[in-house]
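# Examination of the molecular architecture
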Amino acid sequence: MPHELPKSYEPGAIETRWAEYWIKEKLFSVPTPPLGDTRPVFTLLLPPPNVTGRLHMGHMLNQTQMDIVVRWHRMRGFLALWLPGTDHAGIATQMMVERQLASEGKKRRDLGREKFIERVWDWKKHYGGAILDQMKRLGASVDWDREYFTMDENLSRAVREVFVRLYEEGLIYRGKYIVNWCPRCETAISDLEVKHEEVPGKLYEIRYPVIGSRESITVATTRPETMLGDTAVAVNEKDERYRHLHGKKILVPLMHREIPIITDELAQPEFGTGAVKVTPAHDPNDFQAGLRHNLPQIDVMDEHAHMNQNAGAYAGLSRHAARERVLADLKAQGFLVGETDYTIALGKCDRCGTVVEPRLSTQWFIKIKPLAKRAIEVVESGEITITPENYRQIYLNWMNNIHDWCISRQLWWGHRIPAWHCSCGEIIVAREAPAKCSKCGSSKPKQDTDVLDTWFSSGLLPFTTLAWPEKTRDQDVFYPTTLLITAYEILFFWVARMIMFGCHFMEGHKQDSVMKKASGWGAKKNDSVPFRQVYIHALVRDAERQKMSKTKGNVIDPLDIILRFGTDATRFTLAAMAAPGTDIAFSESRTDGYRAFANKIWNAARFMFMNVDRVDPGLRPVEHAVPTAGIPRFQASALEDRWILSRFNRVTKEVNEALATYRFHEAANRIYDFFWGEFCDWYLELIKPRLMSNAGDEARTACGNLVNLFDAAVRLLHPVMPFITEEIWHAIYDGKPPLRSVALASYPQVDEEQIDLAAETEMAVLQDLIVSVRQLRLDLKVEARIKIPIELFVHDAGTGISIMQNEEAIKRLAHVESITNVEEWRARQPPSRGTTRFDVHVVYERKIDVAFERGRLTKELEKIEKETINNRKQLGNDQFLAKAPPRVVEGLRKRAEELSVLHDKAKSKLEELGR
RNA sequence: AGGCCCGUAGCUCAGUUGGUUAGAGCGCUACCUUGACACGGUAGAGGUCUGGGGUUCGAGUCCCCACGGGCCUACCA
């Protein structure tokens, strides 16, 4: 038998099968389009997950949204390129391999740099692909032929090129500054990689004796151990209390070092004692003050944050131990004069949680202001739009306060800085290793040992993945990328840096003008931007709204959810909950509900096939390879046909609009309501008699409509639920589809001609009637099997005709034996119901529950009266009539009439009961 | 310190520019194995939209304050 679908919906088997098929068939591979191609183009760069990563809910949400958008564009005829790849993740990957080594009792230095890097590549080969394999399970429609890794040779070459150019332009410099240092990772990290945490601490007051006087000056500090490196004490010039001490010298307790008292704005009279110790080698503010006053920089710690020989007697102690010892000694010698509780914003390494140490060291930096300038302009001018809009301001605020970016890392794994140091002191920055020093001619310049911050290379991806610095056809077509969908967390890390680099290195770039225009970007002036739109997605929290974290143990594993409910249901959940700007509290009950939705679709399909196979086994939908409006071959004769066709078109319109504005939840909900609430609940029920009919072509036509409608609905849903729709779509064509995948079929578009307001209104009245009778039946506790007669009064001829024409449907769906037209008063006899269009009375011998019915009616009447009061108040208000739009006033007037009718009915029925 | 977001039915969430009667899923209640589906069908109960002011003809929606919850940015010791 054709069209066979298993009896029950089992997502697991279906999904793995299609996921493999899509990859095997290279369905989503996009070859370079030829010159003269006029198609619209859509490019999306996958935010590269870490090679060390495992799929989490954030990825899942991110990828679901991207896949929806990409599939939608592809089905609308766009040349849709989605570029996948992974990030080499310097610190994380190095940590991973170091851990592996540790289990063998080895350290990275035992192996040496080269061997270590070999190990990392080994590791990458074995475990690095995990997250991409997981992506494949999600059905992500990426172009696997273009998969990249940030350490690939071509991308590495581009990184060197960028570094050299920036250096030559004076935008990269090297210098000795205070940087954030992670003593565990043994590397510098950028400001962004430091996470601040408020912890209770103490503010210590230490007395420094003034030389040549009996006086002393008291400073406040949260880090007493750094006093060992103090080279001054600062007071504010305006502070009268210390005026007499200007120019005096003081003695650093414990170290017996003479240091000056300086006047500097660093010291604020209101805070603490108004005097502050200055430790240029251990605090960024003090560092700046030190430069202003030409103070010595005494570094008292080593790279592990242990005290060094400059710390005198404290050498060898950890910073924590040193603090204890220093405090004890100060106390013993009478220098510690106070300690108060104080909340400290402690900086910790984002990666490993170790307390970061501000450390004086020589690093490479990017002078960021010149790059930021253009990155601000393109957002301000709207060349790049950011959704939701509040992130635009956040971006601009950050950009306007940006600091230079430390890009060197003391790691082994990463892009090694293309600078060579000669013994003569010369530094040669070059694309390839120089044979000899350009200054002294020495033949052995050594390459800088540092590597670049991982974000340095990922910031280049929008163009380096398109062959930059070469100029290629791909670049002309696919750059700028169209959209970036990502998490707020990396707005600064990544998004901002891509914008800066893109605007800088792609300046003057022009996208293929025909394709640009076809894609809808004709009005955009700037093609140097890395993307035209940014969509920031929500954070996925657990059902209790808590942020998921490993330490809390509340992490929801998407693969586990997928295993239990299917990928389609999981995707649908995330889409349906993804209202822009709001976090998602993921709840399994929702996913469970959407699995039921998938099951509903499944069974509706089985029902369709059952009928098709009986009526016309060769029946196939009209092929829709090219975008067509509405459902052209749908033969709308009966009311329900016109109605469902209209509803389909309306929903199609809404879904397309929702997707265009990233309102994923709206798109998902529209489809859900349509498919279940309208198509299954009403349409299928209404056409059952015709499907079963033996008369002429009736069943054949009904089947034809059904198949064409179902096919269109499947295409409408496909971007959100790719697997079940693929399965059913192939089944519709009995395994011999006109295209290799529904993903290549066209996306439904609205045909305004097929929107039929009259049919929708007429249908609504019928639904009201059927529901009214059903309500009465339940109120009267009529047994389900029993059919009952109803008596009806209609208020207008149109309704009368409509009810007559659809008599059989009413009888069947409301379980009615006969319909008799009666006078109004009779139709209002309890038990009855009514709307402004009709009154219906149910003929049933059993007495109604008078008390219950009275209660119900009283409640109804109250509601009507309440609304009536409100309604009259408004209509009686001249201001309202004068100022409100006519549409609203008209609506209220119409409602007033309805209310009066409804009021009379309820009232008279109540009186009826009273008798 | 500055900024952002949230508080709507028992639970999880919608509610685009302020406009008529505030919605969905899950859960709950009653009835139903009607020939696709019990992962189902039919109907129902359940909300003074956190509280208090204000703007407006009109506020869940805009403004202010308070309370509660979350997040981000920041070099004040």
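Check the entry above for the structure.
In this report, we go over the structure that sits alongside the text. Not measured: the values here are computed from a predicted model. Here the residue index of a chain counts from 1 through its sequence in written order. The order in which chains are written sets their letters, starting at A; the order in which ligands are written sets their numbers, starting at 1. Residues qualify for local features only when their pLDDT is at least 70, as the model is predicted, and side-chain atom pairs are given and counted only at 80 or more; totals for whole chains, interfaces and linings, by contrast, use all residues. Water and hydrogen atoms play no part in the side-chain values, which are based on all heavy atoms of the structure.

### Points about the environment of Glu-678
Keep this limit in mind: Strands are runs of DSSP state E lasting at least two residues, helices are runs of H or I lasting at least four, and both sets are numbered from the N terminus onward. Contact definition: two residues touch when any of their heavy atoms are within 4.5 Å. Pairs of N or O atoms are called polar contacts if they sit within 3.5 Å, as long as, within protein, a hydrogen donor faces a hydrogen acceptor (for residues adjacent in sequence, only side-chain-to-side-chain pairs).
The residue Glu-678 is located in helix α21 (residues 664-692) in this model. For the pair Glu-678 and Asp-37, spaced 641 residues apart in the sequence, the C-alpha separation amounts to 41 Å. Excluding anything up to four places from it in sequence, Glu-678 contacts Trp-643, Ile-644, Arg-647, Asp-673 and Tyr-683. A distance of 2.9 Å separates a polar atom in the side chain of Glu-678 from a polar atom in the side chain of Arg-647.

### Side note on the sheet that holds strand β29 (residues 838-842)
The cut-off we apply is this: One bridge is not enough; two strands pair if DSSP finds at least two bridges between them. Think of each axis as a best-fit line through the C-alpha atoms, taken over the contacting stretch in the case of a helix, with angles from 0 to 180 degrees between the N-to-C directions.
Pairing in this open sheet of four strands is mixed, and the strands run β27-β26-β29-β28 from one edge to the other. In this open sheet, the two edge strands, each paired with only one partner strand, are β27 (816-821) and β28 (832-834). In this sheet, neighbouring strand axes are inclined to one another by 20° on average, regardless of whether the strands run parallel or antiparallel. In this sheet, β29 lies alongside β28 in antiparallel orientation, the contact comprising three bridges. Following the sheet pairing, Ser-832 is matched in β29 by His-841. Where helix α30 (residues 886-914) meets the sheet, it contacts β28 and β29, and its direction lies at approximately 170° from that of β28.

### Notes on the protein's contact with RNA strand B
For clarity, the cut-off: Consider each residue's heavy atoms; a residue with any of them within 4 Å of a molecule or strand counts as near. Charged means Asp, Glu, Lys or Arg here, nonpolar means Ala, Val, Leu, Ile, Met, Phe, Trp, Tyr, Cys or Pro, and polar covers whatever is left, Gly included.
Neighbouring RNA strand B are 64 residues, the closest being Asn-285, Ala-585, Gln-775, Lys-883 and Arg-895. Here the atoms of RNA strand B within 4 Å of the protein split so that 55% fall in sugar or phosphate, with bases taking the remainder. Here a base oxygen of RNA strand B and a backbone polar atom of Gly-891 are 3.2 Å apart. Contributing elements (two or more residues each) for the surface near RNA strand B: β7 (194-209), β8 (216-221), α19 (588-615), α21, α24 (757-779), α28 (850-875), α29 (878-883) and α30. By residue number, the principal contributor to the surface near RNA strand B is α19, which donates eleven residues. Looking at the surface near RNA strand B residue by residue, the class counts come to 27 nonpolar, 17 polar and 20 charged.

### Some points on the state of the cysteines
Let me state the cut-off plainly: Disulfides are defined as pairs of cysteine sulfur atoms found within 2.5 Å of each other. Under the scheme applied here, a residue whose accessible area is under 20% of the maximum for its type counts as buried, over 50% as exposed, and between as partly exposed, the area being computed with a 1.4 Å probe on protein chains only.
Following the criterion strictly, the structure yields zero disulfides and no others. Here Cys-182 stays free of any disulfide, with the sulfur of Cys-352 as its closest cysteine sulfur at 3.5 Å. Assessed through its relative accessible area of 0%, Cys-182 is described here as buried. Left unpaired, Cys-406 is separated from the closest cysteine sulfur, that of Cys-349, by 13 Å.

These results come straight from atomic positions and should not be treated as a statement about function.
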